[in-house]
Amino acid sequence: MGEGNGIAARVDGGRLWRRLMEMAEIGAIPGNGVNRQALSDEDIAARELLVDWARRRGYAVAVDDAANLFIRRPGGDPELAPVLTGSHMDSQPRGGRFDGIYGVIAGLEAIEAIDDAGAATRRPIELVAWTNEEGSRFDPGCMGSMVFSGAAPLERFEDALDANGISFGRALARTLSAAPDLPRRNGAALPAAYVEAHIEQGPVLEAASVPIGAVTGVQGSQRFVVEIGGATAHAGTAPVKGRRDALQAALRAVARLNEAMTDSNDVLRFTVGRFEVTPNSPNTVPSKVVFSIDLRHPDGAELDRRARRIAPGPFFSRG
């Protein structure tokens, strides 16, 4: 207990805040947010800054084939599985300054505080920054952690495209080549434990004036891509009754889905976040609409039950 108190006393809140603010300058957008999407120039710059901080303290730094970034503080027994902590550095297009990155920089502050207190640990402690955790540039999210845990092979994601047609594999290769001096890990040694500090992202704790909470469950997630086809027609001449308007059909579909996903307990999370209209012309009846569905629930059975309402078939295709 005494040693733990000594370590806590070594946590430097000012250093933590300065680093958060310095990192927030990379990809800064109006309103104190950031746009630092996975494997972008901004993500590469953020990685370089984190590596610089780690090397100044003498920590070993490495990456794996998925560009997950690892910073290692050695323990008394190097053969033991490490305690792993961390989060992600990538953001959504209109991300917050603390989402994800807080867990990374807080992890670095924690191992530095352990060093500053002169404390010894039997196990190594590793800090990790996961690749493409958000999934806003490349779908799905959590690619790096899925590869690390063995939930999915890296090859599954290589052909995923961003909005500009750049593949995940191409962006990954570019990110890895930007730091050719980093040792490459072959395979993953699963940790003895994993701890992640994270901001709430929602208003529940803040509304209750509770400063900290412990996670008791994890949101299961399923994503879908829905494509609705119609026929192009001229807005000025095509009679409304004879149109095959893909956008109007999509709006009706979303309205029905909202009804089907109603949850009186407000636990289910149903989001339509992306809408793509073709040809996207103000005087043309849309011929195609593609939209995304992000469905989440902490109960796997309930998640599957709701997902079956978005069934693969003539109109809905699972992504």
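Residues numbered from 1 in each chain as written. Predicted model: local features only at pLDDT ≥ 70, side-chain atom pairs only at ≥ 80, totals over all residues. Heavy atoms only, no water.

J.: What exactly am I supposed to notice about the overall build of the protein chain here?
T.: In terms of helices and strands, the protein chain carries nine helices and 15 strands. Taken over the C-alpha atoms alone, the protein chain extends approximately 80 × 45 × 40 Å along its principal axes. Looking at the protein chain residue by residue over its 319 residues, the buried ones come to 40%. In the protein chain, 71% of the contacts between residues at least 6 apart in sequence involve partners at least 24 apart. When the accessible surface of the protein chain is totalled, it reaches about 17,400 Å², and 52% of it is carbon and sulfur. In the protein chain, which carries 36 positive and 41 negative side-chain charges, the distance between the mean positions of the two groups comes to 5 Å. (Helix = DSSP H or I, 4+ residues; strand = E, 2+ residues; numbered from the N terminus. Buried < 20%, exposed > 50% of the residue type's maximum accessible area, 1.4 Å probe, protein only. Contact = heavy atoms within 4.5 Å. Areas by Shrake-Rupley, 256 points an atom, 1.4 Å probe, with all protein chains shown as cover. Lys, Arg positive; Asp, Glu negative; His and termini not counted. Charge placed at Lys NZ, Arg CZ, Asp CG, Glu CD.)

J.: Would you take a moment to explain helix α4 (residues 101-116) for this structure?
T.: What sets the pattern is the α-helix's 3.6 residues per turn: residues three or four places apart point alike. The end-to-end C-alpha separation of α4 is 22 Å, in line with the 22 Å expected for 16 residues at 1.5 Å each. Judged by how many residues are buried, α4 sits mostly within the fold: twelve of 16 residues are covered. Those residues of α4 lying buried are Ile101, Gly103, Val104, Ile105, Ala106, Gly107, Leu108, Glu109, Ile111, Glu112, Ala113 and Ile114. Once α4 ends, the next one or two residues include Gly118, with phi positive near 70°. (Expected span 1.5 Å × (residues − 1).)

J.: In this structure, what is going on with the nonpolar core? I would like to understand it.
T.: Soluble globular proteins tend to pack their nonpolar side chains together in the buried interior. Ranked by size, the top nonpolar core spans 45 residues in total, and within it Met23, Leu50, Leu69, Ile71, Met89 and Phe168 carry the most contacts. Every element with two or more residues in this core is listed here: α2 (13-24), α3 (41-56), β3 (60-63), β4 (69-73), α4, β7 (125-130), α5 (143-149) and α6 (168-177). Ranked by residue count, the leading element in this core is α4, at seven residues. (Core = buried A, V, L, I, M, F, W, Y, C linked by side-chain atoms within 4.5 Å.)

J.: How should the pairing of β7 be read in this particular structure?
T.: Looking along a regular strand, one sees the side chains alternate between the two faces of the sheet. By the criterion of burial, β7 is predominantly enclosed, with six of the six residues buried. Alternating residues of β7 divide into Ile125, Leu127 and Ala129 and Glu126, Val128 and Trp130, and every residue in both groups is buried. Judged from the five bridges that link them, β4 and β7 form a sheet pairing that is antiparallel. Its bridge partner lying in β7, Arg73 is registered against Ile125. Pairing geometry for strand β5 (residues 83-88) and β7, over six bridges, is parallel. Bridging from a neighbouring strand, His88 pairs with Trp130 of β7. (Pairing = 2+ DSSP bridges.)

J.: What am I meant to see in the sheet that holds strand β6 (residues 95-96) here?
T.: Adjacent strands of a sheet form backbone hydrogen bonds with each other and so pair up, either parallel or antiparallel. The three strands are arranged β1-β2-β6 in an open sheet whose pairing can be described as antiparallel. Edge strands, defined here as strands with exactly one partner in the open sheet, are β1 (28-29) and β6. With two bridges joining them, β1 and strand β2 (residues 33-34) adopt antiparallel strand pairing. Following the sheet pairing, Ala28 is matched in β2 by Val34.

J.: Could you clarify how one ought to interpret unusual backbone geometry in this entry?
T.: With glycine set apart, most residues show a phi of negative sign, and most peptide bonds adopt trans. The step from Asp139 to Pro140 runs through a cis peptide bond, and the omega angle for that step is 10°. Cis geometry marks the peptide bond from Thr278 to Pro279; its omega dihedral reads 5°. By the secondary structure assignment, Pro279 is in the loop between β12 (275-278) and β13 (284-285). Backbone geometry at Leu39 places phi at a positive 60°, although glycine is not the residue there. When you line up the elements, Leu39 lands in the loop between β2 and α3.

J.: What am I meant to see in the environment of Glu79 here?
T.: Mapped onto the secondary structure, Glu79 falls in the loop between β4 and β5. Once the C-alpha coordinates of Glu79 and Pro124 are considered, the two residues, 45 residues apart in sequence, prove to be 8.8 Å apart.

J.: I keep staring at the pattern of salt bridges and nothing clicks. Help me out?
T.: Side-chain pairing between opposite charges can occur once the charged atoms of the two side chains come close. Applying the stated criterion to the full structure yields 21 salt bridges. Arg57 serves as the salt-bridge partner of Asp116, at 2.8 Å between the closest nitrogen and oxygen. Within this pair, whereas Asp116 is found in helix α4, its partner Arg57 is found in the loop between α3 and β3, the two being separated by 59 residues in sequence. Residue classification places Asp116 among the partly exposed residues on the basis of a relative accessible area of 29%. Residue Arg57 is classed as partly exposed on the basis of its relative accessible area of 28%. A cluster of three or more residues bridged by salt bridges with shared partners is formed by Arg15, Arg19, Arg57, Glu109, Glu112 and Asp116. (Salt bridge = Lys/Arg side-chain N within 4 Å of Asp/Glu carboxyl O.)

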